[in-house]
Amino acid sequence: MSYVQPTDLVDRLTAAGASKVTYSAGVTVLRAFMAGAILTLGAAFAVTVSTQTGEPLLGALLFPVGFILLYLMGYDLLTGVFTLMPIALIARKPGVTVRSMLRVWGLVFLGNFLGAFMVAVLMAIYFTYGFSTEPSPVGLAISEIGHGRTVGYADHGAAGMLTLFIRAVLCNWMVSTGVVGAFMTDNILGKIACMWMPVMLFFYMGFEHSIVNMFLFPSGLLLGAEFTIMDYLIWNEIPTVIGNLVGGLVFVGLPLYYAHRRKNPAAAAGTPTTATGTAAEATPAPALDPTGAPAAPSAEGPTEAPELVGAPR
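Remember, it's a predicted structure, so these values are computed and weren't measured experimentally. (Residues numbered from 1 in each chain as written. Predicted model: local features only at pLDDT ≥ 70, side-chain atom pairs only at ≥ 80, totals over all residues. Heavy atoms only, no water.)

S.K.: Sorry if this is basic, but what is going on with the packing of aromatic side chains here?
M.R.: For any pair of aromatic rings, the description consists of the separation of the ring centres together with the inter-plane angle of the planes. Enumeration over the complete set of coordinates arrives at 11 aromatic pairs. Note on Y126 and F127: the rings are 5.4 Å apart at their centroids and 55° apart in plane angle, and the pair reads as tilted. Given a relative accessible area of 58%, Y126 falls into the exposed group. The buried category is assigned to F127, whose relative accessible area is 4%. Following the ring pairs from residue to residue traces out a cluster consisting of F63, F202 and F203. The lysine or arginine in question, R31, covers the ring of Y23, its NZ or CZ lying 4.1 Å from the ring centre. (Phe/Tyr/Trp six-rings, centres within 6.5 Å; stacked < 30°, edge-to-face > 60°. Buried < 20%, exposed > 50% of the residue type's maximum accessible area, 1.4 Å probe, protein only. Lys NZ or Arg CZ within 6 Å of the ring centre and 35° of its normal.)

This is how it looks when you write it as structure tokens:
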């Protein structure tokens, strides 16, 4: 099983973050839409398993299926983009600016929400036979999650808001660790293992993930849960997005970058070493146009270095 040294890992992470600015708005939203849909189908599966078996740990063990599949297919979650793009900006990757980063964040948020909301509607139909009956036990469990994670926090006031924020920070500490894990090896089984472990931890611990919540809370509202859209936005989604940003950047992206970045930037274009210290084949640098900016993407999308194919973005 191949292992990528930390210095080379940081090169891969910053290159992946920089690659996002090369996509058109439509492609960015499409990639995020599919990510939100696949992740939340995995969440619906995990809640179903937990409810029907009475074993929350079993649901947590199975939840990472959606996360792993969406990343192996090269789709984008906001939580991962929160970690990858800022370090690409700090590394001064061509084309990555504060404006372009905020643009990508906004488009990925939109796409993730649309994908998650579509799944929420489909699953609400599934749980109620097209809204013709009361929700199934799984539907009732989802409704209770939505109620407990909005009104439940509000009942504790400022302490509840602090708890919500901390759960969101801890969530993306683990989720972004899973994103980074996919870059630690070129072996597909290794990628799966590295993504699986931290994501399982986040789900079992009940941390707050902004994209999963884009499914759980609209589902709860559709299934008759007793909270409002404003409850959802103020007492969950907005603080969760902010906490996810802090967790991924402060506890994953920045420590990795500053601990392992190359002291000599020119060395990034040289020949990296493997875990045993032997020379490895150098990876070609991304194509640049005459101005020094990343080459414009083709109709099929931008050309990517081999180590980025099938890796989280």
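S.K.: For this particular structure, what's the right way to read a nonpolar patch on the surface?
M.R.: Residues L57, L58, L61, L201, Y204 and M205 make up a contiguous nonpolar surface patch of about 530 Å² in total accessible area. Contributions of two or more residues to the nonpolar patch are made by α3 (56–62) and α10 (188–205). Here L57 lies in helix α3. Take L57: its relative accessible area is 44%, and that puts it in the partly exposed class. (Patch = residues over 30% accessible without salt bridge, like charges linked within 9 Å, V, L, I, M, F, W, Y side chains within 5 Å. Areas by Shrake-Rupley, 256 points an atom, 1.4 Å probe, with all protein chains shown as cover. Salt bridge = Lys/Arg side-chain N within 4 Å of Asp/Glu carboxyl O. Helix = DSSP H or I, 4+ residues; strand = E, 2+ residues; numbered from the N terminus.)

S.K.: Explain unusual backbone geometry here, please?
M.R.: It is generally the case that most residues other than glycine have a negative phi and that most peptide bonds are trans. Phi is positive for R92, close to 60°, though the residue is something other than glycine. Phi at Y129 takes a positive value of approximately 50°, unusual for a residue other than glycine. Note on placement: Y129 falls in the loop between α6 (98–128) and α7 (137–148). Accessibility expressed as a relative area gives 67% for Y129, which makes it exposed.

S.K.: Would you take a moment to explain the side chain of T150 for this structure?
M.R.: Relative to the helices and strands, T150 resides in the loop between α7 and α8 (151–154). Look past the residues within four positions of T150 in its chain and what remains in contact with it is F217, F227, D231, Y232, W235 and N236. (Contact = heavy atoms within 4.5 Å.)

S.K.: Hey, could you run me through the nonpolar core in this one?
M.R.: Buried together is how nonpolar side chains tend to be arranged in soluble globular proteins. Counting residues in each nonpolar core, the largest one holds 69 residues, and the members touching the most others are L39, F63, F67, L70, L77, F202 and F215. The biggest single contributor to this core is α6, with 10 residues. Other than its neighbours up to four places away in sequence, F202 contacts F63, C171, M174, V175, F207, H209 and V212. (Core = buried A, V, L, I, M, F, W, Y, C linked by side-chain atoms within 4.5 Å.)

S.K.: Where do I start with the environment of D76 in this structure?
M.R.: For D76, the location among the structural elements is in the loop between α4 (64–72) and α5 (78–90). Assessed through its relative accessible area of 3%, D76 is described here as buried. When the C-alpha positions of D76 and V108 are compared, they lie 7.0 Å apart, and in sequence the two are 32 residues distant. In this structure the side chain of D76 is engaged in a polar contact, spanning 3.3 Å, whose partner is the side chain of K20. A distance of 3.0 Å separates the side chain of D76 from the side chain of R31, its partner in a polar contact. (Polar contact = N/O pair within 3.5 Å; in protein donor to acceptor, adjacent residues only side chain to side chain.)

S.K.: What is the right way to read the environment of T228 from this model?
M.R.: Position of T228 among the secondary structure elements: in the loop between α11 (210–222) and α12 (229–260). Each C-alpha atom, one on T228 and one on H147, is 9.3 Å from the other, the two residues being 81 residues apart in sequence.

So far we have only geometry, and geometry alone does not tell us how the molecule works.
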